[in-house]
Amino acid sequence: MRRATRQRLLLLLGVATLVALAAWQWQRDAAAAPGALTCLDPAAITRVTLTLQGGQPEHYAKRDGHWWRIDGTPARADDGRLDELTGIAAAPVASWRPLGDFEPARIGLAAPVATLVLDRQTLRFGETATTGPLRYVQAGDRVALVSVRYTPRPAAHDAIRAD
């Protein structure tokens, strides 16, 4: 075997090894990623209940591609706001921990800032973390740290109208 051919084979072997190692690392990182807040598809959600701290629950249902407030007399709701609320289901999580690792009152879950029910999945929003712009969110028996950007906001008074 000529020297040039041997060098090319070694170089090719080195490149193949690096590609294999990179693929293994990407797969490992993807498996270790914390994922989304829920496994729900935001577009498939049809019922939303939002309770802000000290407020009354707001109940919404999706019919014919639009959101309707169904408390009392049905009224058309702000589709953009409800799409924002359902989008919380896919919020990226910075980290997950078991609920047992926390004292709920210390992270604001004893009296949550907001409680959001998406179909049958309940999310309780606690205090912001001291380490950065992250909020504690309880989903089942786990607590996630999620960007404060995904905190439910109150409706603007003019966002609900009767049609």
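Residues numbered from 1 in each chain as written. Predicted model: local features only at pLDDT ≥ 70, side-chain atom pairs only at ≥ 80, totals over all residues. Heavy atoms only, no water.

What about the confidence of the model for the protein chain?
It should be kept in mind that the predicted coordinates are not to be read in detail where pLDDT is low.
And then number 1: Averaged over the protein chain, the pLDDT score is 89; the fraction of residues at 70 or greater is 93%.
And then number 2: Within the protein chain, the lowest mean pLDDT, 83, falls on helix H1 (residues 3-32), and the highest, 97, falls on strand S6 (residues 114-118).
And then number 3: Residue range residues 158-163 is modelled with pLDDT below 50. Its contacts to residues more than four positions away, or to other chains, number 12 contacts. (pLDDT = per-residue confidence, 0-100. Helix = DSSP H or I, 4+ residues; strand = E, 2+ residues; numbered from the N terminus. Contact = heavy atoms within 4.5 Å.)

A look at the side chain of glutamine 138
And then number 1: As for its position among the elements, glutamine 138 is in strand S8 (residues 134-139).
And then number 2: Look at glutamine 138 and you get buried, because its relative accessible area is 11%.
And then number 3: A polar contact is formed between the side chain of glutamine 138 and the side chain of arginine 124, at a distance of 2.5 Å.
And then number 4: At a separation of 3.0 Å, a polar atom in the side chain of glutamine 138 contacts the main-chain carbonyl oxygen of glycine 140.
And then number 5: Non-local contacts of glutamine 138, meaning those with residues more than four positions away in its chain, are made with Leu99, Leu109, Thr122, Leu123, Arg124 and Val143. (Buried < 20%, exposed > 50% of the residue type's maximum accessible area, 1.4 Å probe, protein only. Polar contact = N/O pair within 3.5 Å; in protein donor to acceptor, adjacent residues only side chain to side chain.)

Some words on the pattern of salt bridges
And then number 1: According to the stated counting rule, one finds five salt bridges in the structure shown.
And then number 2: A salt bridge links arginine 81 to glutamate 58, with the nearest nitrogen and oxygen atoms 3.4 Å apart. Of the two residues, arginine 81 sits in helix H2 (residues 79-87) while glutamate 58 sits in strand S2 (residues 58-63), which places them 23 residues apart along the sequence.
And then number 3: The exposure class assigned to arginine 81 is buried, which follows from its relative accessible area of 2%.
And then number 4: Note that aspartate 79 is salt-bridged to arginine 76, the shortest N-O span being 3.0 Å. (Salt bridge = Lys/Arg side-chain N within 4 Å of Asp/Glu carboxyl O.)

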